[in-house]
Amino acid sequence: MKTAMDWDVIVIGAGAAGMMCAAQAGQRGRRVLLIDHSSKPAEKIRISGGGRCNFTNLHCRPENYLSQNPHFCRSALARFTPQHFIALVERHGIKYHEKTLGQLFCDDSAQQIIAMLKAECALGKVTWRLTCDVLAVTREEDGSFHVATHQGNHRTPSLVIATGGLTVPKIGASPFAYRIAEQFGLKIIPPRPALVPLSFPPETLAQFGDLSGISLDAEVSCHGGCFREHLLFTHRGLSGPAILQISSYWNPGDFISINLLPDRNVRSWLLQAHSSRTRFDNMLSEALPKRFAQQWCNANNLVKPMQQFTSDELSIAAEALCNWRVQPSGTLGYNKAEVTLGGVDTDELSSKTMEAKSVPGLYFIGEAVDVTGQLGGFNFQWAWASGDAAGHAV
């Protein structure tokens, strides 16, 4: 084994969680090495929020996260809150604004968040190794970790894995974190795409596939998740905030339920118009985009004047409008997903420090862990909080 350079902490992965962890550890006086296989750190920050980075959410709560253990995230989120990160942003003079539902974005550019994290790492005298591939990680007899890379060998008593999940492989996503976890005997919750558009099966696509670009304000639910936001038709299926949110709750074979008119008592509305000669689809066009209303009515055999319906038929139609059941054929995969659901099993980790219970000195943070936030800045807040927790422990 070639001579290895010693560090107090090595962080593998220079994304949101990794940079936060490295900065915190360095500012505690630890000698930190931050490694990334990419030539540019934090590419996921750069492309997030349309280039303006939805860096946190004012209403962040544990209930905004999915995990096999829904209580695991509580400790870290309580100790590093959105207000802590906002204070950091303000200290660096970054202007920001609130959009809908507590989402905070940079006024200017996501690059400001990257520059801020780099500056925080500089304050901690963090050493960088970019375009640096990790060849192997081994544990020595004294419990320290040996990290072999193309740019030399390194040794540390504290190794932090912050390489994220499988989303957006074109900017460098890899299963590295899962491989390391499995190497050291830690369980993995099988990963899958989340916050991702859903695709229609062929028969549904034939009915609605030409509605690409049409948007509705709808309430979408599945397996206890329920979201009232916009739904967008695409040439492959459904997208938009409501669909991205519900995708984290959806499993292959499930139906999703869509309330097309969440602000109306639909049955009463239809019954009041029972005597009208207006066709059902034309009446529905008063409340929904005309092309969608027509095609939805065609698909449900509801194209006739209102006065020709029986009361029972109108009740059935009202139920269909409030509970349009759609069975997606799948998701659009990791290339279109915003985050990975699943990851290192939280039962294997300390909720306070992110350290592996059975492998002292080994830490997992950020998206690599089985903690997945809803859409709207929650996943970045988990990155900051878990990175801060490990950064104060290593």
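Residues numbered from 1 in each chain as written. Predicted model: local features only at pLDDT ≥ 70, side-chain atom pairs only at ≥ 80, totals over all residues. Heavy atoms only, no water.

Undergrad: It is not clear to me how the pairing of strand β3 (residues 32-35) should be interpreted in this structure. Could you clarify?
TA: Across a regular strand the side chains alternate sides, sitting on one face of the sheet and then on the other. Going residue by residue along β3, you find Val32 and Leu34 tucked away on one face and Leu33 and Ile35 tucked away on the opposite face as well. Bridge count between strand β2 (residues 9-12) and β3: four bridges; the pairing is parallel. Note that in β3 the partner of Val11 across the bridge is Leu34. What joins β2 to β3 is helix α1 (residues 16-27), and the crossover it makes is right-handed. Sheet analysis places β3 next to strand β8 (residues 127-129), joined by three bridges and oriented parallel. Directly across from Ile35, in β8, lies its bridge partner Arg129. (Buried < 20%, exposed > 50% of the residue type's maximum accessible area, 1.4 Å probe, protein only. Helix = DSSP H or I, 4+ residues; strand = E, 2+ residues; numbered from the N terminus. Pairing = 2+ DSSP bridges. Right-handed = clockwise from strand over helix to strand, strands pointing away.)

Undergrad: How should I be thinking about the sheet that holds strand β11 (residues 152-156) in this particular structure?
TA: Strands pair in a sheet through their backbones, by hydrogen bonds, and they do so in one of two ways: parallel or antiparallel. One open sheet accounts for four strands, arranged β1-β11-β10-β9; its pairing is mixed. Single-partner strands in this sheet number two, and they are β1 (5-6) and β9 (134-139).

Undergrad: What exactly am I supposed to notice about unusual backbone geometry here?
TA: Most peptide bonds are trans, and most residues other than glycine sit at a negative phi. The residue Lys125 is not glycine, and still its phi comes out positive at about 55 degrees. Along the polypeptide, Lys125 turns up in the loop between α5 (111-123) and β8. Despite not being glycine, Asn301 shows a phi value in the positive range, around 55 degrees. Tracing the backbone through its elements, the reader meets Asn301 in the loop between α11 (290-299) and α12 (311-322). When its relative accessible area of 67% is taken as the criterion, Asn301 is described as exposed.

Undergrad: How should I be thinking about the pairing of strand β10 (residues 145-149) in this particular structure?
TA: Extensive coverage of β10 is indicated by the burial of five of its five residues. The two faces of β10 match: Phe145, Val147 and Thr149 on one face and His146 and Ala148 on the other face are all buried. The hairpin turn running from β9 into β10, its antiparallel successor, is five residues long, and Gly143 in that turn takes a positive phi close to 95 degrees. Pairing of β10 with β11, which is carried by five bridges, proceeds in the antiparallel orientation. In the sheet register, Ala148 faces β11, and the bridge partner there is Asn153. In this structure, the hairpin formed by β10 and β11 is closed by a connection of two residues.

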